[in-house]
Amino acid sequence: MSRARPGRDDSPDRLYTVTGGRTRAGSDAFDVVTLVVSESDPVPGMQSEHAAILRMCRFPTAVVEVAAGLGLPVSITRILLADLHDTGRISARHPRPSYRLPDHDILEQVLVGLRSL
C-alpha cells in the first residue's frame, strides 16, 4: 500500500499555480530554521495558502513547521513566505546561536600547542 506524501504527490499543475509559476524565492532570506511571525491578519480574497501561513504564524514558527502545516515542500513554502515578506505581512528572523566561539587568540595558541606535540 502506497501512502501519499503531502506536497510531493500533488499535481505539478497545482504547485505551479500556487507559486505563480516561480521555482525559486526572490531571496535566500528563509532557511528551514528561520522563524516567521505574522504582522497582519488574513484579508478577504487572499490566496488560501497565504492566509493559512498568517494564521499559523501568530507566534514565531520555523519555516519547516510552516511547510509541514501546509503539506507543501519547503521550496514552495519559501516562495510563499517571500511573497508575504515582500508585502510586509510577515517578519522573519534567524535564531541566535546559543553558543559563543572561543577567542581567535586562544584558538591560535591551541594550534601552536598541537603543532609542537
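Residues numbered from 1 in each chain as written. Predicted model: local features only at pLDDT ≥ 70, side-chain atom pairs only at ≥ 80, totals over all residues. Heavy atoms only, no water.

1. A word on the overall build of the protein
Test applied: Helix numbering and strand numbering both begin at the N terminus, where a helix is a DSSP run of H or I of at least 4 residues and a strand a DSSP run of E of at least 2. Think of it in three bands: with a 1.4 Å probe and only protein chains considered, a residue is buried below 20% of the maximum accessible area for its type, exposed above 50%, and partly exposed in between. Here, residues are in contact when the closest pair of their heavy atoms is within 4.5 Å. Under the convention used here, a 1.4 Å probe and the Shrake-Rupley method define accessible areas, while residue burial counts only the protein chains that appear.
Each helix and strand counted, the protein has five helices and three strands in total. Written out in order from the N terminus, the α and β elements of the protein read α-β-α-β-α-α-β-α. For the protein, the proportion of its 117 residues judged to be buried stands at 30%. Pairs at least 24 residues apart make up 65% of the contacts formed inside the protein by residues separated by at least 6 positions. Approximately 8300 Å² of the protein is accessible, and the part contributed by carbon and sulfur atoms is 54%.

2. Thoughts on a nonpolar patch on the surface
Quick reminder of the rule: Patch definition: residues with relative accessible area over 30% and no salt bridge; like charges joined within 9 Å; nonpolar side chains (Val, Leu, Ile, Met, Phe, Trp, Tyr) joined within 5 Å. Salt bridges are counted wherever a side-chain nitrogen of Lys or Arg sits within 4 Å of a carboxyl oxygen of Asp or Glu.
The grouping of Ile106, Val110, Leu114 and Leu117 at the surface amounts to a nonpolar patch, some 440 Å² of accessible area in total. Turning to its location among the elements, Val110 is positioned in helix α5 (residues 104-115).

3. A closer look at the side chain of Thr77
The topology assignment puts Thr77 in helix α4 (residues 74-86). Aside from chain neighbours lying at most four places away, what touches Thr77 is Val63, Val66, Ala67, Leu70 and Leu72.

4. Here we look at the sheet that holds strand β2 (residues 61-62)
How we decide: Pairing between two strands requires that DSSP report at least two bridges joining them. Structural elements are reduced to axes, namely lines fitted to C-alpha atoms, with helices fitted over the stretch in contact, and the angle between N-to-C directions of any two is expressed from 0 to 180 degrees.
Spatially, the three strands line up as an open sheet ordered β2-β1-β3, and their pairing is antiparallel. Only two strands of the sheet have a single partner each, and these edge strands are β2 and β3 (90-93). As paired strands, strand β1 (residues 35-38) and β2 are joined by two bridges and run antiparallel to one another. Directly across from Leu35, in β2, lies its bridge partner Ala62. Contacts between α4 and the sheet are confined to β1 and β3, with β3 contributing the most and set at about 115 degrees to the helix.

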